[in-house]
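Below, each chain spelled out in residue letters.
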Amino acid sequence: MAKKLVIKVTAGADAPERCSQAFTVAAVAVASGVDVSLWLTGESSWFALPGRAAEFELPHAAPLPDLIDSVLAAGRITLCTQCAARREITEKDVIEGVRIAGAQVFVQESLADDTQALVY
């Protein structure tokens, strides 16, 4: 197993199962001691805002706010710079602990030694 895991989530409420899978895998990896970097892009960008994850519902899935809290406790969550700009989301708007960064940082993290990248 890779020592680091970078997960890019492109789906939000528009594709709830894919979205939930990404957050679930990130939370399980963090709980397993893996260094996790979760990237919010596209429609998942909205989950960087306080309260938005609580609106997400998927039967038989862990609550999204709990998964986000798990990842933030020992991993990182990053909101894509361009995705944030398109939605007029700024650093002052996001949940505490969420950073905004661009493609250069994503590529750097994804290509680091002992790193596995997944896209949902």
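For the structure itself, consult the block above.
For the structure given in this document, a descriptive report is provided here. (Residues numbered from 1 in each chain as written. Predicted model: local features only at pLDDT ≥ 70, side-chain atom pairs only at ≥ 80, totals over all residues. Heavy atoms only, no water.)

### Some points on the overall build of the chain
Stage number 1. Looking only at helices and strands, the chain features 4 helices and 5 strands.
Stage number 2. Overall, the chain shows an N-to-C arrangement of helices and strands of β-α-β-α-β-α-β-α-β.
Stage number 3. Its C-alpha radius of gyration of 13 Å places the chain within 12% of the 14 Å reference for a compact globule of 120 residues.
Stage number 4. Buried positions account for 42% of the 120 residues belonging to the chain.
Stage number 5. For the chain, the exposed area adds up to about 6,500 Å²; of that, 52% sits on carbon and sulfur atoms.
Stage number 6. Placing the 10 positive and 15 negative side-chain charges of the chain at their respective mean positions leaves the two points 6 Å apart. (Helix = DSSP H or I, 4+ residues; strand = E, 2+ residues; numbered from the N terminus. Rg over C-alpha atoms; globule rule 2.2 N^0.38 Å. Buried < 20%, exposed > 50% of the residue type's maximum accessible area, 1.4 Å probe, protein only. Areas by Shrake-Rupley, 256 points an atom, 1.4 Å probe, with all protein chains shown as cover. Lys, Arg positive; Asp, Glu negative; His and termini not counted. Charge placed at Lys NZ, Arg CZ, Asp CG, Glu CD.)

### Structural notes on helix α4 (residues 103-110)
Stage number 1. Among the residues of α4, those classed as buried are F106, E109 and S110. Along the long axis of α4, the arc covered by the buried residues comes to 95°, so they all point the same way. Of the exposed residues in α4, the ones pointing more than 90 degrees away from its buried face are Q104 and Q108.
Stage number 2. Looking at the buried residues of α4, the elements they touch are β1 (4-9), β2 (35-40), β3 (76-80), β4 (98-101) and β5 (115-119). (Arc of directions from axis to C-beta. Contact = heavy atoms within 4.5 Å.)

Keep in mind that these numbers describe shape and distance, not what the molecule does.
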